[in-house]
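Chain by chain, the residues:
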Amino acid sequence: IERARVRCLKGRSRNTWKTMESQSERAGRKLLPVEGLLKKLKQRHELAARVVGMHYLSAIPLAMIADVLDLPPFRVERLWEVAKAWIYRETSQGGA
């Protein structure tokens, strides 16, 4: 699994959280801590939070997550899209 994760990471941009945070501060915004975002998402949709944790934080491909969670791939992809939209809304508007 580790080799597959490393292979998937090749070619991805290497924006670190620290780099994103400094860019955000220069733009006059503060990024919410990842843990806080995941906790809020987990309260709203636990399965989507698990997908985010596995895909974004651990770089596990969505197809592999579908196998692990025993879900159809289209459902995992949909959960990922919903979670991304929710995170974007939370970080751009400060949440509702």
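Up top is the structure these notes are about.
Thresholds, definitions, all that
- Residues numbered from 1 in each chain as written.
- Predicted model: local features only at pLDDT ≥ 70, side-chain atom pairs only at ≥ 80, totals over all residues.
- Heavy atoms only, no water.
- Salt bridge = Lys/Arg side-chain N within 4 Å of Asp/Glu carboxyl O.
- Helix = DSSP H or I, 4+ residues; strand = E, 2+ residues; numbered from the N terminus.
- Buried < 20%, exposed > 50% of the residue type's maximum accessible area, 1.4 Å probe, protein only.
- Expected span 1.5 Å × (residues − 1).
- Arc of directions from axis to C-beta.
- Contact = heavy atoms within 4.5 Å.
- Axes fitted to C-alpha atoms, helices over the stretch in contact; angles between N-to-C directions.
- Parallel < 35°, antiparallel > 145°, perpendicular 65-115°, else oblique.
- Left-handed = near helix turned anticlockwise from the far one by under 90°.
- Nonpolar A, V, L, I, M, F, W, Y, C, P; charged D, E, K, R; others polar.

Our focus in this paragraph is the pattern of salt bridges. Applying the stated rule across the entire model yields two salt bridges. With a closest N to O distance of 2.7 Å, E90 and K40 form a salt bridge. Pair noted here: E90 is in helix 6 (residues 73-93) and K40 is in helix 3 (residues 34-44), with a separation of 50 residues, a long-range link. For K40, a relative accessible area of 33% gives the class partly exposed.

What follows deals with helix 6. Between its terminal C-alpha atoms helix 6 stretches 30 Å, which fits the 30 Å expected from 21 residues at 1.5 Å a residue. Within the span of helix 6, buried status applies to V76, L79, W80, A83, W86 and E90. The arc enclosing the buried residues of helix 6, seen along the axis, measures out at 135°, which places them on a common side. Facing away from the buried side of helix 6 by more than 90 degrees, the exposed set consists of F74, R78, Y88 and Q93. As for helix 6, its buried residues are in contact with helix 3, helix 4 (46-57) and helix 5 (62-69).

This brings us to the packing of helix 3 against helix 6. The geometry of helix 3 relative to helix 6 is characterised by a closest axis approach of 11 Å and an angle of 125° between their N-to-C directions. Considering their axes alone, helix 3 and helix 6 lie oblique with respect to each other. The element helix 3 and its partner helix 6 pack so that their crossing is right-handed. On helix 6, the residues that touch L37, K40, L41 and R44 of helix 3 are A83, W86, I87, E90 and T91. Grouping the amino acids of the contact of helix 3 with helix 6 by side-chain chemistry returns five nonpolar, one polar and three charged.

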